[in-house]
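# Residue-level structure breakdown
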Amino acid sequence: MSVIVRFAPSPTGYLHIGGARTALFNWLYARHHGGQFRLRIEDTDRQRSTDAAIAAILDGLTWLGLEWDGEVVYQAERIEAHQAAAQRLVEAGLAYPCYSSPDELEAMRALAKAEKRPIRYDGTWRDRDPAEAPAGVPPVIRFKAPLDGVTVIEDRVQGRVTFQNSQLDDMVLLRADGTPTYMLSVVVDDIDMGITHIIRGDDHLNNAARHANLFQALGHEPPVFAHIPLIHGPDGAKLSKRHGALGVDAYRDLGYLPEAMRNYLLRLGWAHGDEEIISTEQAVQWFELDAIGRSPARFDFQKLDSVNAHYLRLRPDADLVALAAPLLEAAGHELGEAERARLVQAMPGLKQRARTLVDLAQSAAFYVQARPLPLDAKAAKLLDADAKARLAAALPALAAVEPFTEEALEAAARAAAEAQGVGFGKLAQPLRAALTGRTVSPGLFEVMVGLGREEVVGRLEDAASGRNPALQQND
RNA sequence: GUCCCCAUCGUCUAGCGGUUAGGACAUCACCCUUUCAAGGUGAAGACACGGGUUCGAUUCCCGUUGGGGAUGCCA
């Protein structure tokens, strides 16, 4: 049997991190088995579905590199099939019209709650003669769920889960306006799409029992279920849109790489021994449902940062310049050919120190900053009169270094420090401040070579004569 | 309230009856060193609790506690 899985988000908001992981697991499972990964937009709730949300979901998946197979299925376009299925169930006596009004239902629930009884539809219209229907009230169609016995779900992640059928009430299949609900449309679409495995968040575990019964009623065996645990926020509470959950676009803006997101998300709930850094290719090869853990995981930015830093270092320098360039330009730095070339050359030292693309752009800014270079507070403080004197004294030797290489520059700088009778650090930090405007940077001589002789001399002259403006910031 | 799920270092996890309970992130020390990273070495840090089963439980069973989810004419 060839594997067909699907990711089925509802377009009521952006693609959040939990959905992204569900999509990733589905995608990996499909790729591992050489099957298909289908995308289905569950937009049966026309009021809450938006085109913007659909676009955000497609964008998010594309950015994450989770390409889907075949056409996107829009559930709203399949209403006729859903309605026909409901009709068949009514004709077969497996579903019935219910005339209870929303108000009555609400009162029913309130009463059940007050009396501390299970909150469930009481089945008023299940066996009542439709002839008793109130005039002018359009009914909903409800599923005639089994009253006793049990429904057993053999879940690939959660194991065997048994539900008492007495707990399952008669769910609404068709709303009063004739539109299908999620419960109906998922099952009909899963059948029509030939879905073999349903991998989704375990907030649907309860629904699995209802779905399984509907599959049976429609004459099909349910697919294999795999309900994966939810992701929680750092405080252990459910990660929701009003509780720290961000759309994948936010992670992109925060400077995370898609391959890092895939690796990090994969390790949230899935493991392969002690492996931490797992390439996507390797993940496809290894991924299996059995290795999915059953307990919920908390989202941890520090770990994500660490994984991201790893993948950042793996990226080619030119890639990183292309990714950081928009950020630098947004910060007001104009990037011509010369600046871009300078950045590519400087990237090995920069990328080793960055955790995100945002970090990277910030720490790269000094390379493309126009003179005179602004100094941050610490750098300004460091460049006192003594430091400036040392810079002035060392300048001629550095300006004359030939060839202009890291080795030659280092030799010259060390000789200059010695000539001045100070430790190398006493000269190095002022040089750093003068050249980068900060007290923290990549290796000094790497910076010099990256900047080029002319720029180095200019920046040192600026600093020695106190031409740099101070930056207001305090880091 | 009712139903369902979960429970190993702060966090992510390995473990699938007998281990000095392993790794990663974070933390702390030291090394390297021109700063910061990276890298290296090391430290500290966990089986929620109570009953069983067993020669032996982190591991199997039951309960307690604690989290989470579901209880919609949302998905």
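These remarks concern the structure in this document.

What counts as what
Residues numbered from 1 in each chain as written. Chains lettered and ligands numbered in written order. Predicted model: local features only at pLDDT ≥ 70, side-chain atom pairs only at ≥ 80, totals over all residues. Heavy atoms only, no water. Pairing = 2+ DSSP bridges. Helix = DSSP H or I, 4+ residues; strand = E, 2+ residues; numbered from the N terminus. Polar contact = N/O pair within 3.5 Å; in protein donor to acceptor, adjacent residues only side chain to side chain. Axes fitted to C-alpha atoms, helices over the stretch in contact; angles between N-to-C directions. Contact = heavy atoms within 4.5 Å. Salt bridge = Lys/Arg side-chain N within 4 Å of Asp/Glu carboxyl O. Buried < 20%, exposed > 50% of the residue type's maximum accessible area, 1.4 Å probe, protein only. Phe/Tyr/Trp six-rings, centres within 6.5 Å; stacked < 30°, edge-to-face > 60°. Expected span 1.5 Å × (residues − 1). Parallel < 35°, antiparallel > 145°, perpendicular 65-115°, else oblique. Left-handed = near helix turned anticlockwise from the far one by under 90°. Nonpolar A, V, L, I, M, F, W, Y, C, P; charged D, E, K, R; others polar.

Here the focus is the pairing of strand β7 (residues 159-164). Within a regular strand, the side chains alternate between the two sheet faces. Looking at chain direction, strand β6 (residues 150-155) and β7 are connected through six bridges and run antiparallel. The residue of β7 that forms the bridge with T151 is F163. Between β6 and β7, which pair antiparallel one after the other, the connecting turn spans three residues.

A separate point is the side chain of S441. Position of S441 among the secondary structure elements: in the loop between α17 (424-436) and α18 (444-451). Among the polar contacts listed, one links the side chain of S441 to the side chain of R432, at a separation of 2.8 Å.

With antiparallel pairing, three strands are arranged side by side in an open sheet as β4-β5-β8. Two strands in the sheet have a free side with no partner beyond their single neighbour: β4 (95-98) and β8 (172-174). Across the sheet, the mean angle separating the axes of adjacent strands is 45° when strand polarity is ignored. Here strand β5 (residues 140-143) runs beside β8; their pairing, made up of two bridges, is antiparallel. Residue pairing for β8: I141 is matched across the bridge by L174. Against the sheet, helix α3 (residues 79-91) touches β4, β5 and β8, its axis set at about 120° to β8.

Let us now look at the pattern of salt bridges. Per the counting criterion, the structure on display carries 26 salt bridges. Among the salt bridges present, the one from D190 reaches R40, with a minimum N-O distance of 2.8 Å. Residue D190 is located in helix α5 (residues 182-192), and its partner R40 is located in strand β2 (residues 36-41); the two are separated by 150 residues in the primary sequence. D190 gets classed as buried once you look at its relative accessible area, which sits at 2%. Overall, R40 belongs to the buried group, its relative accessible area being 0%.

The next thing to look at is the packing of aromatic side chains. For the structure shown, the criterion picks out 11 aromatic pairs. Consider the rings of Y251 and Y256, whose centres lie 6.3 Å apart with planes at 50°: the pair is tilted. According to the relative accessible area criterion, Y251 is buried, its value standing at 1%. The interplanar angle of 25° and the centroid separation of 5.7 Å between the aromatic rings of W270 and F287 together place this pair among those described as stacked. On the criterion of sequence distance, the pair formed by W270 in the loop between α8 (258-267) and α9 (280-286) and F287 in the loop between α9 and β12 (297-298) is long-range, its members being 17 residues apart. Just as W270 is buried, F287 falls in that class too.

Our next topic: helix α10 (residues 301-314). An ideal rise of 1.5 Å per residue puts 20 Å on 14 residues; α10 measures up with 20 Å between its terminal C-alpha atoms. Taken together, the buried positions of α10 are occupied by L304, D305, V307, N308, A309, Y311 and L312. The elements touched by buried residues of α10 are α7 (248-253), α8, α11 (317-330), α12 (337-351) and α13 (357-368).

What describes two packed helices is the angle between their axes and the distance between those same axes. At their nearest, the axes of helix α16 (residues 406-420) and α18 sit 9 Å apart, and the two run at 120° to each other. The angle between α16 and α18 places the two elements in the oblique class. Seen from above, α16 lies across α18 with right-handed handedness. For the pair α16 and α18, contact is made by E406, L409, E410 and A413 and by F445, E446, M448 and V449, respectively. Of the residues that constitute the contact of α16 with α18, the class distribution is five nonpolar, no polar and three charged.

Turning to the side chain of N207, a few remarks are in order. Among the secondary structure elements, N207 is positioned in helix α6 (residues 205-217). Excluding residues within four positions of it along the chain, N207 makes contact with Y182 and M183.

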